[in-house]
Amino acid sequence: MKNLIILLFIWTSFAFAQENYTSRVKKFEYYLQEQGITFENPTLQNTQIESLLLKAEQEHFGDEEKKSKFIDKAMMILNDSDFSPLQQFYLPLRILYSIYADDFAPSEYDLQLFIDIAKGKRIKIKKSGKESSFNINQVHPAWTATINKNRWQELESFFEAGLSHTLETKYKLQDAQRVLFFSKIKDTATNPKITAKDAFGVKWKLKWGREVFTEPVANRLYLNMGGKFTDLVYAHPAGNKGVTLILEDNSQKGSCEHVNTIALFKSCLLKSKYKFRIDEFIEDSGIITEENAQSILSSLPHGKKKYRTKNLYGRTYVTFKSSITEFQGEDVLIRGGPVPFSLLGTEYDDVAKSLIVFNLLIANMDNKDQNNRNALLYNPIDEQYEYVEYQHDNGASFGQMRRPRDLNAFTVGNNFFKKKKNKLIFKVFRYYKPKLWNSTSAEEAKNMARSLLQLSDQDIDMAVSSIPWPNFMQATFAYKLKQRRNDLLFAFELSEEDIQIPVPNISFDLSSPEAITKISKEFQIPQRELQMAAQQGHIEDSVIKKGEIVSCEKSIIINLLEKHRFPSGLERNLRGKWDFKPLSNCKFKP
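Residues numbered from 1 in each chain as written. Predicted model: local features only at pLDDT ≥ 70, side-chain atom pairs only at ≥ 80, totals over all residues. Heavy atoms only, no water.

Enquirer: Hey, could you go over the overall build of the protein for me, with residue numbers and the actual values?
Expert: Each helix and strand in the protein was counted, giving 18 helices and 17 strands. Long-range pairs, those at least 24 residues apart, make up 73% of the contacts in the protein between residues at least 6 apart in sequence. Taken as a whole, the protein presents about 26,900 Å² of accessible surface, with 49% of it coming from carbon and sulfur. (Helix = DSSP H or I, 4+ residues; strand = E, 2+ residues; numbered from the N terminus. Contact = heavy atoms within 4.5 Å. Areas by Shrake-Rupley, 256 points an atom, 1.4 Å probe, with all protein chains shown as cover.)

And the structure:
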């Protein structure tokens, strides 16, 4: 009887949550209808839309010049005659939605999370038996008509040229991000991050935690498959080979609004929304002095005067075992807000409908509207703007629901999908699934799946090499991505056979002092503990078995890497709700 009552309560709550979610999604469309904008026969209604945009600019942005510029310049671009009639009608409304997103987009995401977990449904794509064309014009805001494998480098060059022009000095992204200056602790999303500036005053985000080794790979794959823009994120190695963060000066008393000591840095992150314990992620910290400045600030570029070496004596520095930076560059990148996956023209958009394929490739579980964004790319040299839409925050990928960022849960082959007569069933559970994808057919998805034919082994290897994981982890990650690509090609009948890649098995020899010394140096783990394991008879250490990462109880190398080098885990995975605790101690049992 008790179980029956609990079940009844769950389904009652589920029904209420579903109704609540649906009504909030529709709220924006109702608002537009109140303004006299209808969707039965979409035509450009400039006066009404521009009036609403002007109202949004006044209500939401006030004197924020850059946000006002976003609306003005975006509307100028959208008057381009190359846009189709549907784009000319819907894109201004998508811009409006992105401005009003906090009012109209679902904010109580925990309700939708509850809904999707309660449903427990896998991804199913129906076969319709009809051919589908894939019509993308060159001005589509999110996707390219032809795949450009150099898009990441082109974006870097574009922003570097613009900032070099604005700053009147040579600006290189790779160099500028090596030394950053603390600004403030962020209070958005779920992953711990701060905002910082480089020596030229250009804004960056600095992040830690579970997505350091997933987001850089996902974003590079997104561009490789045809995306026009994505967040430029960079994963960094440990110590001063990675990022050095300089805390604020001592001109005023330290606080969580003016973090100028390592003690405040730790305590303020722990008190923040993230409740993040940074201790295990710190590689080194101390005070910059005249004696040590040359080594600590060896990567500091010649930027603004206040960021020159002599002006930094007495400041606190911090380096990390792992971290990720995200380029913000507000002088050349003007960000808007969320744009919808499932309304305002997406039902007519081949890209929006077929993006399910990219997200199946990376097993992205977080496809909520909040993670679909728009932005303006600004070129200050010719004062031209480009409006783009893109998939943002791809870090909750490469795993399964409740186990994101977990390679052992990143399935391939029969554990990933199966074919039925009238549908494809992908064994993927996710937190959010755009309603639009419920109507995506296998024939429509097949059009984007064709881009996988051009996603080469080398492309995947290069994406995976962007993260400073041990070589055996990179090899396993690449294997699963290549196999998953092959699985998708077979599922969508773009490959005549189900091509299977050799499953990796990787182990290391611990039978000699020379071998132990080599492994200790390669992975920067204690030689003594490797020797102790060998003395206990553990002379061969398997780190990968049948494509799976060996547990820290069975592999001394995995054990020591998690303990000393990778605080968010390798075989294990530091969970978001437990960021205030380090990974638990793992006892090696040879």
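Enquirer: I'd love a proper account of the nonpolar core, names of residues and values included.
Expert: One broad trend across soluble globular proteins is that nonpolar side chains are buried collectively. Membership of the largest hydrophobic core comes to 123 residues, with the highest contact counts inside it found for F265, F426, F492 and I557. Per element, the largest residue contribution to this core is eight residues, and it comes from helix 15 (residues 471-491). In this view, I557 contacts F472, F508, I519, F523, I525, L530, D541 and V543; residues no more than four positions away in its chain are not counted. (Core = buried A, V, L, I, M, F, W, Y, C linked by side-chain atoms within 4.5 Å. Buried < 20%, exposed > 50% of the residue type's maximum accessible area, 1.4 Å probe, protein only.)

Enquirer: Lay out the environment of M473 with the relevant residues and their values.
Expert: Looking at the element boundaries, M473 is found in helix 15. A relative accessible area of 0% places M473 in the buried class. In this structure, the C-alpha to C-alpha distance between M473 and E571, residues 98 residues apart in sequence, is 9.7 Å. Residues within four places of M473 in sequence aside, it is in contact with L407, I549 and L570.

Enquirer: Requested: an account of the sheet that holds strand 2 (residues 179-185), with residues and values cited.
Expert: Read across the open sheet, the eight strands follow the order 5-9-4-3-2-6-8-7; overall the sheet is mixed. Only two strands of the sheet have a single partner each, and these edge strands are strand 5 (233-236) and strand 7 (282-287). Pairs of neighbouring strands in the sheet enclose a mean axial angle of 30 degrees, with direction left out of account. Pairing of strand 2 with strand 6 (residues 244-246) involves three bridges; the strand directions are parallel. Its bridge partner being in strand 6, F181 is matched across the sheet by I246. (Pairing = 2+ DSSP bridges. Axes fitted to C-alpha atoms, helices over the stretch in contact; angles between N-to-C directions.)

Enquirer: Break down the state of the cysteines for me, citing the residues and quoting the values.
Expert: Counting across every chain of the model gives two disulfides. Between the sulfur atoms of C256 and its disulfide partner C268 the distance amounts to 2.0 Å. Between C256 and C268 the disulfide shows an S-S torsion of about -90 degrees. By sign, it is left-handed. Residue C256 is located in the loop between strand 6 and helix 9 (262-271), and its partner C268 is located in helix 9; the two are separated by twelve residues in the primary sequence. Overall, C256 belongs to the partly exposed group, its relative accessible area being 29%. Through a disulfide, C552 is tied to C586; the S-S separation comes to 2.1 Å. Given an S-S torsion of about 95 degrees, the disulfide between C552 and C586 has right-handed geometry. Here C552, found in the loop between strand 17 (548-549) and helix 18 (556-564), pairs with C586, found in the segment after helix 18; they are 34 residues apart in sequence, far enough to count as distant. Just as C552 is buried, C586 falls in that class too. Going through the protein in sequence order and numbering each bonded cysteine, the pairs you get are 1-2, 3-4. (Disulfide = S-S within 2.5 Å.)

Enquirer: Tell me what's going on with the side chain of S441, and back it up with residues and numbers.
Expert: Among the secondary structure elements, S441 is positioned in the loop between strand 14 (423-426) and helix 13 (442-449). Sequence-distant contacts of S441, defined by excluding residues within four places in its chain, comprise I125, K126 and S128.

Enquirer: Go over the packing of aromatic side chains, please, and point to the residues and values.
Expert: The tally for this structure, following the rule as stated, stands at 34 aromatic pairs. Here F472 and F523 contribute two aromatic rings whose centre-to-centre distance is 5.7 Å and whose plane-to-plane angle is 85 degrees, an arrangement assigned as edge-to-face. Here F472 is found in helix 15, whereas its partner F523 is found in helix 16 (residues 513-523), with 51 residues between them in sequence. F523 shares its class with F472; the two are buried. When the ring centre of W152 is taken as reference, the NZ or CZ atom of R220 above it lies at 3.8 Å. A cation over a ring is seen here: K419 above F490, with NZ or CZ 4.2 Å from the ring centre. (Phe/Tyr/Trp six-rings, centres within 6.5 Å; stacked < 30°, edge-to-face > 60°. Lys NZ or Arg CZ within 6 Å of the ring centre and 35° of its normal.)

Enquirer: So what about the sheet that holds strand 14? Which residues, and what values?
Expert: Spatially, three strands are ordered 1-14-13 in an open sheet, and the strand pairing comes out antiparallel. Of all the strands in the sheet, the pair left with one neighbour each is strand 1 (123-126) and strand 13 (417-419). Strand after strand, the sheet turns through a mean of 15 degrees between neighbouring axes, direction not considered. Across three bridges, the pairing between strand 13 and strand 14 is antiparallel. If you follow F417 over to strand 14, its bridge partner there is F426. Most of the contacts of helix 15 go to strand 13, to which it runs at about 15 degrees, and overall it touches strand 13 and strand 14.

Enquirer: Go over the pairing of strand 9 (residues 323-327), please, and point to the residues and values.
Expert: In terms of burial, strand 9 is a largely internal element, five of the five residues being buried. Two strands pair when backbone bridges link them, and strand 4 (residues 203-207) and strand 9 are joined in this way by four bridges, in the antiparallel orientation. By the bridge assignment for strand 9, W204 is matched with F327. Two strands pair when backbone bridges link them, and strand 5 and strand 9 are joined in this way by four bridges, in the antiparallel orientation. Considered in strand 9, the bridge of A235 is made with I324.

Enquirer: Account for empty space enclosed by the protein, naming residues and giving values.
Expert: It is a probe the size of a water molecule, rolled over the atoms, that shows where empty space is left. Across all of its chains, the model carries five cavities of 30 Å³ or more by this definition. By volume, the largest cavity is sized at about 90 Å³. Taken together, G209, R210, F213, T214, R405, W469, S568, G569, L570, R572 and N573 make up the full set of residues lining the largest cavity. Residues that form the lining of the largest cavity fall into these classes: three nonpolar, five polar and three charged. (1 Å grid on protein atoms, 1.4 Å probe; cavity = no way out; pocket = protein on both sides within 12 Å on 5 of 7 lines; lining within 4 Å. Points joined across faces, edges and corners; volume = space filled by probe spheres on them. Nonpolar A, V, L, I, M, F, W, Y, C, P; charged D, E, K, R; others polar.)

Enquirer: Tell me what's going on with the packing of helix 8 (residues 215-224) against helix 14 (residues 457-464), and back it up with residues and numbers.
Expert: Closest axis-to-axis distance for the helix 8/helix 14 pair is 8 Å, and the angle between their directions is 150 degrees. Our pair here, helix 8 against helix 14, has a crossing hand that is right-handed. Contacts between helix 8 and helix 14 pair V217, R220, L221 and N224 from the former with D459, I460, A463 and V464 from the latter. Tallied by class, residues from the contact of helix 8 with helix 14 come to five nonpolar, one polar and two charged. (Left-handed = near helix turned anticlockwise from the far one by under 90°.)

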